[in-house]
Structure formats: structure tokens, C-alpha cells
Amino acid sequence: MTALLDLSGVTKAYPGVVANDSVSLTIQPGEVHALLGENGAGKSTLVKMIYGLVKPDAGQMSLNGASFAPSDPRAARAAGIGMVFQHFSLFDALTVAENIALGMENAPPMRQLATQIKAVSETYGLPLAPHRLVGDLSAGERQRVEIIRCLLQEPKLLIMDEPTSVLTPQEVEILFKTLRKLSAEGTAILYISHKLEEIRALCDAATILRLGKVVGHCIPRDTSAAEMAELMVGSALKPPQKAAGASGDVLLELRDLSLPPVSTFGMPLREISVSVRAGEVLGIGGVAGNGQDELLSALSGEVPVPVGTVFFKGDDMARAHPNARRAAGLLTAPEERLGHAAAPDMSLTENAMLTGAAREGLERNGMLDWKAARSFANRIIADFDVRTPGPGNAARSLSGGNLQKFVIGREILQRPEVLVVNQPTWGVDASAAAAIRQALLDLAQNGAAVIVISQDLDELMEISDNFAALNEGRLSAARPAAGLTVAEIGQMMGGAHGMEVAHV
Amino acid sequence: MDLSVINPILLLAALMSAATPILLAATGELVVERAGVLNLGVEGMMIVGAIAGFIVAVNTGSPALGFIGAAAGGAVLSLLFVFLTQVALANQVASGLGLTLFGLGLSALMGQSYVGVKPPRMGDLNLGPLSDIPVLGPILFSHDAMVYIGLLIVAGVWTTLKYTRAGLVLRAVGENHDAAHALGYKVKRIRALAILFGGACAGMGGAYISLIRVPQWTEGMTAGVGWIALALVVFASWKPWRVLLGAYLFGGITQLQLNLQGAGVAIPVEYLAMSPYIVTIIVLVTLSADKSRAPGSLGRIFHASH
């Protein structure tokens, strides 16, 4: 039979980098095909070409045997291709039905569309109220909006870009059931992920990309995760070494911390109580948007919190400003690198100065000590293997992973007593991520308390002594990470959030 | 002081006419901002519309053609803004301010030989027996056509934004231009069209001042109405009917305070003169206390990253 989609020799170059170098790929109808690779391997560029967002420089694409060159996403959708984006392409201020109508070529009148949405959402076990504002939905619900938007078009190929990064394990199970049902009905799925166990559970075939080139194909069911990881990274990975958690005194304690939402679509914090001891790594999991950013802002001092809720070494720090907290030894590294953790248009030296001034003695009587700041920036670059021509370069010029190494390194080198990091390895390649995790573990071993907020459960299980989860702004009680099962973790994260298994 | 010189019917009748320039300009700017563009050049587009309409009307003898010329004049000037912000990706605030300064200068140049000229008068629309209804007739049904066209534009903008696909796409572009682009919508083209519409509306608003309200040409005669229209869009929470309410409130209180000044009320003139601004702001700020907020991409430059 003819393949549904066939790519041969597809090439796309950007100034200074070849994103896809002669990539070939074949997908059969009804096949679940995995596209594997690290960040920057060219997965996103490849699917953007299939979806008509980017035009290839060279190579052929054919759909059902006919030549296929979509000029824009509408043409791709008309040809039967649907895409669920990694960073949701949704509109917060519009309703679910309006969002779905925007992704359709011939949207029916709103009332009829609402009925269709209800019907499809019931068939596939993805409950959704058509008239709710998308800004009020949880991450899992937002993904349902995207999936239903695609399903209403009855696509022949559904592209899913990292769909499970925002779901609890229970939600992932239900999503997989929906995808298997679709595949049984003849819809092919191109599934992008770097979570190898998921791919082994779901996919029929896999194509592995590295630095823009296809480096291998495999049948995921018959290949071990370690073999796939080696193909992806190009070398065997060394997992971080974790020493037995020796716990000392309580360094940071939160008592009944509650905080109203900061922005229109923000999440409130509700009665959060937790403590971390010297030498302990506390992992905080949870689906994005359940209070992670708010918790970090409350700890860093960006948002004032009620007196008597944040204690650092027994002192009430609730009203202390960020600089006072830094001086005392409570350091934080937020998730958003450009614009929050680093000032994009300022040099690395200036960015090193911005948080390091007090603890590293980079200023005297209000005057800046440029020499000391430059040597501090150089030390971060050397110790954390930041790839940049020098500390004079703007933060914006670094790739996401390199900048992440810089902002995490900047805090670690200031010898914090308590360090709070949000998504420390987000967008960082596997070997650099392992280095960052090792640095966090070393920090804890030297007597600091570390709080790691992350959506990567594997990461948290690898480095945490204790684990807690955020759900709807509430923090579950912390439990020892060793011995926790996936089901228990899922329950702590809020379970399936009302999703149901597909009704067949 | 003699309050009996104020005729409430004439006062209310004047309200609709007084509000029309602000209403037209603000409705146009509302569409521009809902598409995610902040055009601070409203004042400049109004004054260019005022002189363009004036020139066309004087030379053709037709006020109707004058308004068409005004719309074209405002739209042509806004084309400059389209070029600066959508093609050259310049900062919208700076470009808008530049547009206002440029428009004020350009209109003064264009109008040099028209100072003191009287434009042709636009008659009231003949609505037959409707105008003869007591009280309501003079208040609602004895105005020139532009007053009603202004209302039709508000109704049309509201319907389009709320009920049509074009309106939905426009709101989507203003709310999240990256997502709209990812779905395949032409962000720049949609914004360019919205800016042109805003320019045309501002131009007509300006011509309403030079052809009907005043009617003559004076340099800088829009006297800040464009800025009031800009503020009105924000205070009206980007909702067309609230723009209408705000414009009528502003027009009404302006008329009332002029009448009160004429009647010699014992309140200093300065307080009377500031009253329309204060009352309009208080009313609209109170109304906007609900969950409404600015379009998500307002004022941000869109640059397709792939």
C-alpha cells in the first residue's frame, strides 16, 4: 500500500545552522510514529514543514502518493494534517468554541459547533465546556481544546509535539487510550517526545534525529530505552551520583502560606506548609500552571507575603525584599530565562552583577566593581561549560540551554544556604542536564537545602530526597521519594482531573 | 444666573452632534487596538482628515464627497503608520506620536489657502414625519447624515467583532499574534487593514469638526479630541457600546457646561471646563471594574520567527 506521508531528502538551513539535513521519513496510515531527538535536533523544524509553517530548502514531500508542498497551515489542514502544539496556540481571552473555530477551515455557526464539540469530547473521553474562557482552564484542559480542534477536522495525520509534558501520569494513560483508538480508526500519529518509556508504550516505529540528521530507525517495543537514549545523544549517559541524604537543621519553613492570584489568569497559593533541612533536596512536581511560578515569587521575595509564613533559619523572612533574602543566603532561579532570570539585552557580566552583587562583593559604596564582576562571570562560564565567546556577550545571544546553565551556575556559585530552582533543566540537552543535576546534588551534599520545582518527574525521582506536588495552588505533604510509585505520584498531582477513558 | 435659558431639548439634540467626532475616532481606534496595535496617531489622522475633507468639500461643493475625501486622507496617513510598524517593525508608541506631529504640520501646510473660506453646508437628513414627533423628533431625528453613519459604524463594529468570523480572527490576532500566526492567519495583513479602517474613521471624525461643528478651517482645530478618543477606548474596556456611552456622556456634559457657563452659574469656569473629563473617566472606570482587560498582544511588535 502507499505510504500516507513520505519525506525524502528534506533540508532546511537557517543562518549558521542546518536544522534538517536531508531527512527522510515514511508514515503508514494508522501508524503511531515517534520522532525522537534532543532539543535542537530539528524535530520542531521538521514538523513545521509538514504543517506548512516553514518551507523546505530542498527535498520532496508526498501525501498519499501525490506531491505535497503546503504553502501555509490552512493548506496543510485542508490536506488532512492536524497539529497539537507544544506551547499551546490558544487564545486566553476567547472561549473554547471560539478557539476551536479559529483552527477550522469551514467553522459551522457557534451553536452547532458547541454541539459538535460536546459530541466529540464525549466520544473520546475529553470533557470540555464549549463556552468557558480558555484562560480559566488547566493545562490538561487546554490540551484537550487543541486535540478536539484537530479531531473535528477528521485528520489523516495528527502531529503531537511533546503532548505529555503538561499531564499527570493518569492523564497520560487516558491520552494514550484516545490515541490508540484514533490509530485503530486509521489516523496516523506523528508523536514527538524525548520520554523514551512513553514511546515504548505507545509507538509502532521511531525515527531518531541528531543535529538535524536521521541517525537511526527502530521498533520501540523491541528496543531498550538505554539503546534509544544512546542513539539520541550519541554517547552513553552517566546518571548523577546521589549520596545518602544526611539531614541537618531546618533551613527554610513555610507555614500556611496563602496568596491571592497575581494576574487575571494566575493561580492562588493555598495554605502551603513545608520545610526543608540542610542537605536535603525537596522535589516539587505538578502540572504547569498549578502555582509553580507563584510559589517561586513568594520565596524569592518578588511578591510580598503575609507575616509569619516564610521562615529562614527560624527568622521570619516574609516581608524581606529579594536583596535582603539573597544577602541572607536564600537564592532563587526562576523558570523564564529571558526577561525573568536574565535581562536579555545586557551582557553576561552585567547579568552576573544583577544577582551576585551582594554575596560576591561586586559593588562597594554603590560603585560597581567591573573587574570582580567579569571574573565572577568567567568563573560561571568555565565551571558550567557555558558555550559563549565571552562574558561581554548579551544574554539573548546564548541558546536556551546555555543560558540556563549560566543562570543556574550563577546562583550555585554564590554558595546559597537555600536554593530554589524552577525547571532547572528545561530545554537543556541531556548531558548538560545531567551536569546541572549533579551540581544541585553536590550543593545539597555540602550542607545547603535545595528545592527543585520541575515538571519532569524522572528528574525529580532521580535527585529528590523528598517529593511533594502542587495541584490547584495546594502543596501535598512531602513524602520520601524512594519507593513512591507512579500511581501515587499521579494521585498527589491531582489524578486525572475529571478525564475519562474513551468510550468506544 | 438664569437656568431657564437652558433648553433641555436643544441641549440633548446638540449632544449627539457634539459626540460624533470622538465617537468616530474612538470606534476606529477600538478596531485597531482589538487587532493588537496601539496607534497614538489618532489626533494627526483626524486633523489631516479635517483638512482633506475641507478641501474636497470646498472644491466640489459636496459635503458628502468631503467626508469620503476625509476618510481617504486619514487612511493614507495611517498607511505611513502601517509601513513603520508592520513593515519596518518600528516601535508603535514612537511611530504614533510621530504620526500626530507629522499630521499637525502637514494639515497646516495643506490648509494655508483655506483659512477663512466657508465650506458648503450639510443639510439635516430628511426623516419625514419622524422629525415632527414632539420632544423626540428634535432630539433624535433632526441631525445630519454623519450622526447616523457614526451610529451605524458602532453597530457594525460590534456585530462584526461579536458575530462574524472576520471579527473572531481580528480578535485572535490582537489576543495572541504568535498563536494566530501558527494557525496560518496573516497577522500583518489583518493589522494593516485594521489600521487603515482606524485611519478612515479618524479622518471622518476630523472632517465632522471642520465641515459641520465649526465649520471653517483653523490650524490645530481638532484641539486634542484625538487624545480623548484614545483615552475613551481604554476606559471603555475596548467595548463598542461603552465607547458610544462614553462619547455621548462626554459630548453631553461638554454641551451642558457650555450652557451653564452661558447661564452664568457661580462656579469658576475652569471647574466647568474640566467636568466632562472627570465625569466620563469616573463613569467608565466604574464600569470597567469587571474582568475585562486589554488585548493580549496590544502594542507588541509581531515578528514571524520562522
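The shown structure was predicted, so the numbers you read here are calculated from the model rather than taken from an experiment.

Caption draft 1: The packing of helix α3 (residues 63-87) of chain B against helix α9 (residues 187-213) of chain B, seen in detail. All names here are of chain B. Axis separation between α3 and α9 bottoms out at 6 Å; the angle between their running directions is 140 degrees. Taken together, α3 and α9 sit at an angle that is classed as oblique. The element α3 and its partner α9 pack so that their crossing is right-handed. The class makeup of the residues in the contact of α3 with α9 is 17 nonpolar, 9 polar and 2 charged.

Caption draft 2: Highlighting the sheet that holds strand β10 (residues 213-218) of chain A. Residues and elements named next belong to chain A. Overall, mixed pairing links the 6 strands, which are arranged β6-β7-β8-β3-β9-β10 in an open sheet. Edge positions in the sheet fall to β6 (81-84) and β10, since each has one partner strand and no second. In this sheet, neighbouring strand axes are inclined to one another by 20 degrees on average, regardless of whether the strands run parallel or antiparallel. One ladder, built from 5 bridges, connects strand β3 (residues 32-36) with strand β8 (residues 188-193); its direction is parallel. Looking at the pairing, H33 lines up with L190 of β8. Packed on one face of the sheet, helix α5 (residues 139-151) meets β6 and β7 (157-161) and runs near 180 degrees to β6. Helix-sheet contacts for helix α6 (residues 169-184) involve β3, β7 and β8, and the interaxial angle to β8 is about 145 degrees.

Caption draft 3: Just the UniProt feature "transmembrane region" (unreviewed entry) in chain B, in detail. Residues and elements named next belong to chain B. As recorded in UniProt, the sites labelled "transmembrane region" (unreviewed entry) are residues 6-25, 37-58, 64-84, 96-115, 135-161, 193-214, 220-238 and 271-289. As annotated, residues 64-84 comprises 100% helix and 0% strand, and the C-alpha atoms at either end are separated by 31 Å. Along residues 220-238, the helical share is 58% and the strand share 0%, with 27 Å between the first and last C-alpha atoms.

Caption draft 4: Structural detail: the sheet that holds strand β5 (residues 66-67) of chain A. Residues and elements named next belong to chain A. One open sheet holds the 4 strands; their spatial order is β2-β1-β4-β5, and the pairing between them is antiparallel. Two strands in the sheet have a free side with no partner beyond their single neighbour: β2 (17-27) and β5. By the bridge criterion, 7 bridges tie strand β1 (residues 5-14) to β2 in an arrangement that is antiparallel. Bridged to Y14 within β2 is V17. Taken strand by strand, helix α1 (residues 43-50) contacts β1 and β2, and its axis lies near 60 degrees from that of β2.

Caption draft 5: Quick look at the domain arrangement of chain A. Residue and element names in this part refer to chain A. One can read the domain layout of chain A as domain 1 (5-233), domain 2 (240-329 + 417-429 + 445-496) and domain 3 (336-415). Measuring from the centre of the C-alpha atoms in domain 1 to the corresponding centre in domain 2 gives 32 Å. Taken residue by residue, the interface counts 17 residues in domain 1 and 15 residues in domain 2. Of all elements in the fold, only α5 and α6 reach the threshold of two or more residues within the side of domain 1 that touches domain 2. A per-element tally of the side of domain 1 that touches domain 2 places α6 first, with 4 residues. Grouping the amino acids of the side of domain 1 that touches domain 2 by side-chain chemistry returns 5 nonpolar, 8 polar and 4 charged.

Caption draft 6: Representation of the pairing of β8 of chain A within the structure. Residue and element names in this part refer to chain A. Along β8, 6 of the 6 residues are buried, which leaves the element largely enclosed by surrounding structure. By the alternation rule, side chains of β8 split into A188, L190 and I192 and I189, Y191 and S193, which are all buried. Where β7 meets β8, 5 bridges bridge the pair, whose relative direction is parallel. Residue pairing across strands places L157 opposite A188, the latter belonging to β8.

Caption draft 7: Broad picture of the environment of G184 of chain B. Looking at the element boundaries, G184 of chain B is found in the loop between α8 (177-182) and α9. For G184 of chain B, a count of 20 C-beta atoms within 10 Å corresponds to the buried category. In this structure, G184 of chain B is in contact with D72, P73 and R74 of chain A, ignoring residues within four places of it in sequence.

Caption draft 8: Molecular detail of the interface of chain B and chain A. Of the residues lining the interface, 15 residues belong to chain B; the matching set on chain A comes to 19 residues. Elements supplying a minimum of two residues to the side of chain B that touches chain A: α7 (165-175) and α8 of chain B. With 6 residues, α7 of chain B is the single largest residue contributor to the side of chain B that touches chain A. The class makeup of the residues in the side of chain B that touches chain A is 6 nonpolar, 4 polar and 5 charged.

Caption draft 9: Molecular detail of the pairing of strand β21 (residues 466-471) of chain A. All names here are of chain A. With 6 of its 6 residues buried, β21 lies for the most part within the structure. Neither face of β21 is open: one carries N466, A468 and L470, the other F467, A469 and N471, and all of them are buried. Here strand β13 (residues 281-285) runs beside β21; their pairing, made up of 4 bridges, is parallel. The residue of β21 that forms the bridge with G285 is A469. In this structure, β21 lies alongside strand β23 (residues 479-480), joined through 2 bridges in antiparallel fashion. For N466, the partnering residue across the bridge sits in β23 and is P480. Bridge analysis of β21 against strand β22 (residues 474-475) gives 2 bridges, and the strand direction is antiparallel. Residue pairing across strands places L470 opposite L475, the latter belonging to β22. Counting the residues that bridge the hairpin from β21 to β22 gives 2 residues, and of these E472 lies at a positive phi of roughly 55 degrees.

Caption draft 10: Region of the structure containing helix α4 (residues 92-110) of chain B. Residues and elements named next belong to chain B. Here α4 contains 19 residues, and its C-alpha end-to-end distance of 26 Å stays within 8% of the 27 Å for a straight helix at 1.5 Å per residue. Inspection of α4 places Q92, S95, G96, L99, T100, G103 and S107 among the buried residues, and these make up the whole buried set. Along the long axis of α4, the arc covered by the buried residues comes to 145 degrees, so they all point the same way. Exposed and oriented more than 90 degrees from the buried face of α4 are A94 and L109. In the core, the buried residues of α4 are packed alongside α2 (42-60) and α3.

The rules we used
- Residues numbered from 1 in each chain as written.
- Chains lettered and ligands numbered in written order.
- Predicted model: local features only at pLDDT ≥ 70, side-chain atom pairs only at ≥ 80, totals over all residues.
- Axes fitted to C-alpha atoms, helices over the stretch in contact; angles between N-to-C directions.
- Helix = DSSP H or I, 4+ residues; strand = E, 2+ residues; numbered from the N terminus.
- Parallel < 35°, antiparallel > 145°, perpendicular 65-115°, else oblique.
- Left-handed = near helix turned anticlockwise from the far one by under 90°.
- Nonpolar A, V, L, I, M, F, W, Y, C, P; charged D, E, K, R; others polar.
- Pairing = 2+ DSSP bridges.
- Contact = placed C-beta atoms within 7 Å.
- UniProt positions renumbered as here; feature names shortened; annotations may be inferred.
- Domains from an automatic or database assignment.
- Buried ≥ 20, exposed ≤ 12 C-beta atoms within 10 Å, placed from the backbone.
- Expected span 1.5 Å × (residues − 1).
- Arc of directions from axis to C-beta.

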